[in-house]
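Descriptive analysis of the structure
These are the residues of each chain, in order.
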Amino acid sequence: MDKNLQFSKEHAKFLRKLKKDRATILSTQIFLLIAFLAIWEILGKLGLINTFITSSPSRILNTIVLLAQSGDLWYHMGITLYETIMGFVIATILGLVIAIALWWSEKLRKILDPYIVVLNSLPKIALGPLIIIWVGAGLQSIITICVLVLIIITIISMLNAFTECEKDKILLMQSMGANKWQILTKLILPNALPQFVSILKINVGMSWVGTIIGEYLVSSAGLGYLIVYGSQVFQLDLVMASIVLLCILASLMYLIIALVEKKILKSRKI
C-alpha cells in the first residue's frame, strides 16, 4: 500500500477521533448542566429545599422575564457591561504601556518594583472609600476600582513575559545593529503575544470581579446593585437571577477572547 495513502487514512482517523472527543465533552457538559437544573427544580417542587432561600430555575427564569418586560434588565445589564468593558480596556492598555516602560528602563523597574509588590498585595476593596471620595460616587469610581483590580497583575504578567525573552536573541539583534525600539517591536512584543492573550483571559474574569466590588460599594444601577438590593429586601430570586446573568455575560466575554486567541494562534502558524 502507498505510504502516503496510509498516512492520509491514519490522519483522517485521528481527526475523526478528535471530533468525536469534542462532541463527547460538549454533550457531557450540556447533560451535566441540564441534570443539575432539573434536580434543583424537582427538589424545589417536592419541597425538599426551601425555594425562598435557594430559589429555583423556573423562578429565576420568571424573574428575568419580568425584568425584561419592565425594561430594567437591559438597563442594569448595560450599565454593568459598560463598566466592565471600560475597566477591562483601560487596565489592559495602561498595564501594557507601563510594562513596556518598565522593560525599557531597568533603573525605573528597580525603583518601582517594591511599590508594585505592595500594591499587588493590598486588598483593592480597602481603597474603595478613598476612590469614592477622590473621583466621586458613580460610574467613574466603579471603573477606577475595576482598573485597580486588573492593572497590577497585567503589569507583572507582561513584564515577566518581556524579561523572559531569550537573551541570545536580543544580543543577536543588537549585533546586527537593531535599536531598542526595533528589539521591542520585532522580538519582545511578538514573543510575549501568547502571554498577552493569557492575561486577556484572566482579565475577563477579574474585570467582572472588580466591577461587582465597585457596585457593592457605590451604585444605583447595575447587576451588582440588584444583588445588593435583592439581598436587603430578601428577594433572593432577584439575587439569583442577577448572578445567572453575570455568568452568562462573563461567559460570552470569555468566548470572544477565546475566539481572538484562536485567530491569533492561527495567524502565527501561517
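Not measured: the values here are computed from a predicted model. (Residues numbered from 1 in each chain as written. Predicted model: local features only at pLDDT ≥ 70, side-chain atom pairs only at ≥ 80, totals over all residues. Heavy atoms only, no water.)

**Regarding the overall build of the protein chain**
Worth spelling out the cut-off: Working definition: helices are DSSP H or I runs of at least four residues, strands are E runs of at least two. Numbering for both runs from the N terminus. Burial here depends on accessible area, computed with a 1.4 Å probe over protein chains only, as a share of the maximum for the residue type. Under 20% is buried, over 50% is exposed, and the range in between is partly exposed. For this analysis, residues touch if any pair of their heavy atoms sits within 4.5 Å.
Along the protein chain, the regular secondary structure elements total 12 helices and zero strands. Walking the protein chain from its N terminus toward its C terminus, one meets helices and strands in the order α-α-α-α-α-α-α-α-α-α-α-α. The principal-axis extents of the C-alpha atoms in the protein chain amount to approximately 75 × 75 × 30 Å. The buried share of the protein chain, reckoned over its 270 residues, is 33%. Considering only contacts within the protein chain whose residues lie at least 6 apart along the sequence, 71% involve residues at least 24 apart.

**Regarding the layout of surface pockets**
Just so we agree on the cut-off: Note on definitions: the grid is 1 Å and covers protein atoms alone; a cavity is a set of points where a 1.4 Å probe fits but cannot get out; a pocket is an open set with protein on both sides within 12 Å along at least five of seven lines; lining residues have an atom within 4 Å of a point. Grid points are joined across faces, edges and corners, and a volume is the space filled by probe spheres set on the points. All amino acids are sorted into three groups, where Ala, Val, Leu, Ile, Met, Phe, Trp, Tyr, Cys and Pro are nonpolar, Asp, Glu, Lys and Arg are charged, and the leftover types, Gly among them, are polar.
One number sums up the size of the largest pocket: a volume of about 260 Å³. Lining the largest pocket are Trp103, Glu106, Arg109, Phe162, Thr163, Cys165, Lys167, Ile170, Leu171, Gln174, Lys180 and Ile183. Counting only elements with at least two residues in the lining of the largest pocket, the list comes to helix H5 (106-121), helix H7 (139-163), helix H8 (167-175) and helix H9 (180-191). The residue inventory of the lining of the largest pocket, partitioned by class, reads six nonpolar, two polar and four charged.

**A closer look at the packing of aromatic side chains**
Applied cut-off: Only Phe, Tyr and Trp rings are paired, with Trp represented by its six-membered ring, and only when their centres lie within 6.5 Å; those with planes under 30 degrees apart are stacked, over 60 edge-to-face, the remainder tilted. By definition here, charges over rings are those cases where NZ of Lys or CZ of Arg is within 6 Å of the ring centre and within 35 degrees of the ring normal.
Evaluation of the coordinates by the stated rule reveals three aromatic pairs. Seen from their ring centres, Tyr225 and Tyr229 are 6.2 Å apart, and the 20 degrees between their planes marks the pair as stacked. One end of the pair is Tyr225 and the other is Tyr229, both in helix H11 (residues 223-232) and four residues apart, which spans about a single turn. Residue classification places Tyr229 among the partly exposed residues on the basis of a relative accessible area of 35%. A cation sits over an aromatic face here: Lys180 above Trp103, 5.5 Å from the ring centre.

**Section: the nonpolar core**
Soluble globular proteins: nonpolar side chains tend toward being buried together. Just so we agree on the cut-off: Among the buried residues, those of types Ala, Val, Leu, Ile, Met, Phe, Trp, Tyr and Cys that are joined through side-chain atoms within 4.5 Å form a nonpolar core.
Within the largest apolar cluster, 26 residues are counted, with the highest numbers of intra-cluster contacts made by Trp103, Ile151, Met158, Phe162, Ile183, Leu187 and Ile188. At the level of elements, helix H4 (72-104), H7, H8 and H9 are the ones that each hand at least two residues to this core. Here the element with the most residues in this core is H7; it accounts for 11 residues. One finds Ile64, Met77, Trp208 and Leu245 within the second-largest nonpolar core, a separate group that totals 22 residues.

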